Amino acid sequence: MQAIYDRLVAKGKCKKLALIAGCNTLLKDAFAIAKLGLLYDDAHRSALVKN
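Criteria and cut-off values
Residues numbered from 1 in each chain as written. Predicted model: local features only at pLDDT ≥ 70, side-chain atom pairs only at ≥ 80, totals over all residues. Heavy atoms only, no water. Helix = DSSP H or I, 4+ residues; strand = E, 2+ residues; numbered from the N terminus. Rg over C-alpha atoms; globule rule 2.2 N^0.38 Å. Buried < 20%, exposed > 50% of the residue type's maximum accessible area, 1.4 Å probe, protein only. Areas by Shrake-Rupley, 256 points an atom, 1.4 Å probe, with all protein chains shown as cover. Lys, Arg positive; Asp, Glu negative; His and termini not counted. Charge placed at Lys NZ, Arg CZ, Asp CG, Glu CD. Patch = residues over 30% accessible without salt bridge, like charges linked within 9 Å, V, L, I, M, F, W, Y side chains within 5 Å. Salt bridge = Lys/Arg side-chain N within 4 Å of Asp/Glu carboxyl O. Contact = heavy atoms within 4.5 Å. Expected span 1.5 Å × (residues − 1). Disulfide = S-S within 2.5 Å.

Asks: I'm lost on the overall build of the chain in this one. Help?
Replies: Scanning the chain from N- to C-terminus turns up two helices and zero strands. For 51 residues, the compact-globule estimate of 2.2 N^0.38 gives 10 Å, and the chain exceeds it by more than 25% at 13 Å. Every one of the 51 residues in the chain was classed for burial, and the buried ones make up 8%. Of the roughly 4800 Å² of accessible surface on the chain, 63% is carried by carbon and sulfur atoms. For the chain, the separation between the mean place of its 9 positive charges and that of its 4 negative charges on side chains is 13 Å.

Asks: Hey, could you run me through a nonpolar patch on the surface in this one?
Replies: On the surface, a cluster of nonpolar side chains totalling about 270 Å² of accessible area is made up of Met1, Leu19 and Leu26. Considering the arrangement of structural elements, one finds Leu26 in helix H2 (residues 15–36).

Asks: I tried to follow the environment of Lys15 on my own but got confused; where do I start?
Replies: Relative to the helices and strands, Lys15 is located in helix H2. Exposure remark for Lys15: the relative accessible area of 56% places this residue in the exposed category. Every residue in contact with Lys15, bar those within four places of it in the chain, is listed here: Tyr5 and Val9.

Asks: Help me out: how do you make sense of H2 in this one?
Replies: Along an α-helix, residues three or four positions apart point the same way, because every turn accommodates 3.6 residues. With 22 residues, H2 extends 32 Å from end C-alpha to end C-alpha; this agrees with the ideal 32 Å at 1.5 Å per step. Phi turns positive, to about 70 degrees, at Gly37, one or two residues after H2.

Asks: What is the right way to read the state of the cysteines from this model?
Replies: Among covalent bonds in proteins, the disulfide is the one between the sulfur atoms of two cysteines. Following the criterion strictly, the structure yields zero disulfides and no others. Cys14 takes part in no disulfide bond, and the closest cysteine sulfur to it belongs to Cys23, at a distance of 13 Å. Judged by relative accessible area, Cys14 falls into the partly exposed class, the value being 48%. Residue class for Cys23 comes out partly exposed when judged on its relative accessible area of 36%.

Okay, here's the thing in structure tokens:
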């Protein structure tokens, strides 16, 4: 979440908007994990995320 927050603030977005975007990402991840019945894997990285 910190990376999302820092990236958005660096782009000039307000801090509250960046915080809500990070929370939204965490919420989407939680629902996806619950819906699919998967175990959380901290080492997993999406193919869409730049390294």
